[in-house]
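Structure assessment
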Amino acid sequence: MTIWNLGSINADLVYDVPHLPGPGETLAASGMSRGLGGKGANMSVAAARAGGRVAHVGAVGADGQWMVQRLLEYGVDTRFIGEVDAVSGHAIIAVDTSGENLIIIHGGANRAISMDLVGRALAQAEAGDLFVTQNETNAQAEAARMARDLGLRVAYAAAPFDRDEVQAVLPLLDLLVLNEVEAQQLEAATGLAPDALPVADVIVTLGARGCRWYGAEGARDFPAFKVTPVDTTGAGDTFTGYVIAGIDRGLPMPQAIAQAMRAAAIMVTRHGTADVIPDLKDVQEAQF
Ligand code: ADP
Ligand code: NA
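Residues numbered from 1 in each chain as written. Chains lettered and ligands numbered in written order. Predicted model: local features only at pLDDT ≥ 70, side-chain atom pairs only at ≥ 80, totals over all residues.

So, on to the overall build of the protein. The helix and strand inventory of the protein stands at 9 helices and 13 strands. The C-alpha radius of gyration of the protein comes to 18 Å, within 12% of the 19 Å expected for a compact globule of 288 residues. Here the C-alpha coordinates of the protein stretch approximately 55 × 45 × 40 Å along the principal axes. The burial tally for the protein puts 45% of its 288 residues in the buried class. Here the contacts in the protein between residues at least 6 apart in sequence split such that 67% fall between residues at least 24 apart. (Helix = DSSP H or I, 4+ residues; strand = E, 2+ residues; numbered from the N terminus. Rg over C-alpha atoms; globule rule 2.2 N^0.38 Å. Buried ≥ 20, exposed ≤ 12 C-beta atoms within 10 Å, placed from the backbone. Contact = placed C-beta atoms within 7 Å.)

On to the UniProt feature "binding site: substrate" (unreviewed entry) in the protein, then. On the UniProt side, "binding site: substrate" (unreviewed entry) is annotated at positions that read Asn10, Ala11, Asp12, Gly38, Lys39, Gly40, Ala41, Asn42, Glu136 and Asp237 here. Mapped onto the fold, Asn10 is located in strand S2 (residues 10–16). Its location among the elements puts Asp12 in strand S2. Those residues in contact with Asp12, other than ones at most four positions away along the chain, are Gly35, Gly37, Ala91, Ile93 and Thr273. (UniProt positions renumbered as here; feature names shortened; annotations may be inferred.)

Counting residues in hydrophobic clusters, the biggest one holds 81 residues, and the most contacted among them are Trp4 and Val243. For this core, the element with the most residues is helix H8 (residues 253–267), which contributes 9 residues. If we skip the residues at most four places from it in the chain, Trp4 touches Ala55, Val57, Ala121, Leu122, Ala125, Asp129, Leu130, Phe131 and Ala147. (Core = buried A, V, L, I, M, F, W, Y, C linked by C-beta atoms within 7 Å.)

Take the pairing of S2 next. Here S2 runs beside strand S3 (residues 31–37); their pairing, made up of 7 bridges, is antiparallel. Each residue of the ladder has a partner; that of Val14, found in S3, is Ser33. Strand direction decides the pairing type here: S2 and strand S6 (residues 89–95), joined by 7 bridges, are parallel. Across the sheet, Val14 pairs through a bridge with Ile93, a residue of S6. (Pairing = 2+ DSSP bridges.)

So, on to the packing of helix H7 (residues 235–248) against H8. H8 packs onto H7 with a crossing angle of 150° between their chain directions and a minimal axis gap of 8 Å. The orientation of H7 relative to H8 falls into the category roughly antiparallel. The hand of the H7/H8 crossing is right-handed. On H8, the residues touching Ala235, Thr238, Phe239, Tyr242, Val243, Gly246 and Ile247 of H7 are Gln255, Ala256, Ile257, Gln259, Ala260, Met261, Ala263, Ala264 and Met267. Taken together, the residues that form the contact of H7 with H8 break down as 12 nonpolar, 4 polar and no charged. (Axes fitted to C-alpha atoms, helices over the stretch in contact; angles between N-to-C directions. Parallel < 35°, antiparallel > 145°, perpendicular 65-115°, else oblique. Left-handed = near helix turned anticlockwise from the far one by under 90°. Nonpolar A, V, L, I, M, F, W, Y, C, P; charged D, E, K, R; others polar.)

Our focus in this paragraph is the site of ligand 1. Taken together, 19 residues sit near ligand 1, with Thr205, Gly207, Ala208, Gly236 and Ala264 positioned nearest. Elements represented by at least two residues in the shell around ligand 1 include exactly H7 and H8. Across the shell around ligand 1, the residue classes tally to 13 nonpolar, 6 polar and no charged. (Near = placed C-beta within 6 Å.)

With mixed pairing, the 9 strands of this open sheet are ordered in space as S5-S4-S1-S8-S9-S10-S11-S12-S13. The open sheet terminates on both sides in strands that have one partner only, identified here as strand S5 (77–83) and strand S13 (218–222). Neighbour-to-neighbour, the strand axes of the sheet open up by a mean angle of 15°, direction not taken into account. In the sheet, strand S8 (residues 130–133) pairs with strand S9 (residues 153–157) via 4 bridges, with the strands oriented parallel. By the bridge assignment for S9, Phe131 is matched with Val154. Against the sheet, H7 engages strand S1 (2–6), S8, S9, strand S10 (175–179) and strand S11 (201–205), with an angle of about 170° to S8.

Let us now look at the environment of Gly250. Secondary-structure assignment places Gly250 in the loop between H7 and H8. By C-beta crowding, Gly250 is classed as exposed, having 9 other C-beta atoms within 10 Å. Separated by 88 residues in sequence, Gly250 and Asp162 have C-alpha atoms that sit 33 Å apart.

Structure below.
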């Protein structure tokens, strides 16, 4: 089946600095690197590396075609990534010598996705396909409703930002994946703990402690694999992309989660985001 991912595409612009700049300070970077990132792009790459057939639905500006190209190289269907008259989404990341960071995110083109594009993409979908979205684009609730009406299973990864969005999206979902902070934010916004949410499967990821799955038979804990972390960026996105690809392939949830946790554990041992997400072979060969 196909995984339709309405998601952000960001350029991660990483600057090495001697210290994090303060107000009014101009600082020269000692190095710079550019990578593909954004929750949406990361999940598309992760699901594709996990063996899923993934179509990314999103937008970039004229400056972002290199990111579309890279997604294509990673095996993602990019036909439904539009080019819009806006700067591409990006993150400006300063990292000091102790590894402390400072991040500025600009949504840009990610917030200018047209429903027309979403409609053209989902017109190609088949009942039983999976639709996934996060909180870094516009059109999430509308697109999720369209997907649901077409008979797709709907997943959301992250906490919707505002109360209205929460109310609009929650009833449409089959699967919700949150980290611990997002689970707390969602509980504050709705008064509902993860086990009380109106969603069949909820997974709360707990960093180095693993994750907890709330399904039809109650809650079940999965301890994380033991690794020495060097960069936890993208761990959650890798986890979600793998879980979704596993579900798409018909794996029972505990197996999809186990495989996702292996992939996420490898991810925290690597620097970078989309460009370094492990593939199934890495995941199956890893010794923990
Ligand atoms: P996010 O990146 O969204 O904040 P988490 O930090 O909860 O998400 O991590 C997602 C998953 O990645 C966890 O459920 C776990 O399986 C794995 N993971 C994260 N950090 C570690 C770690 N230090 N060691 C092993 N696995 C980890
Ligand atoms: Na992360």
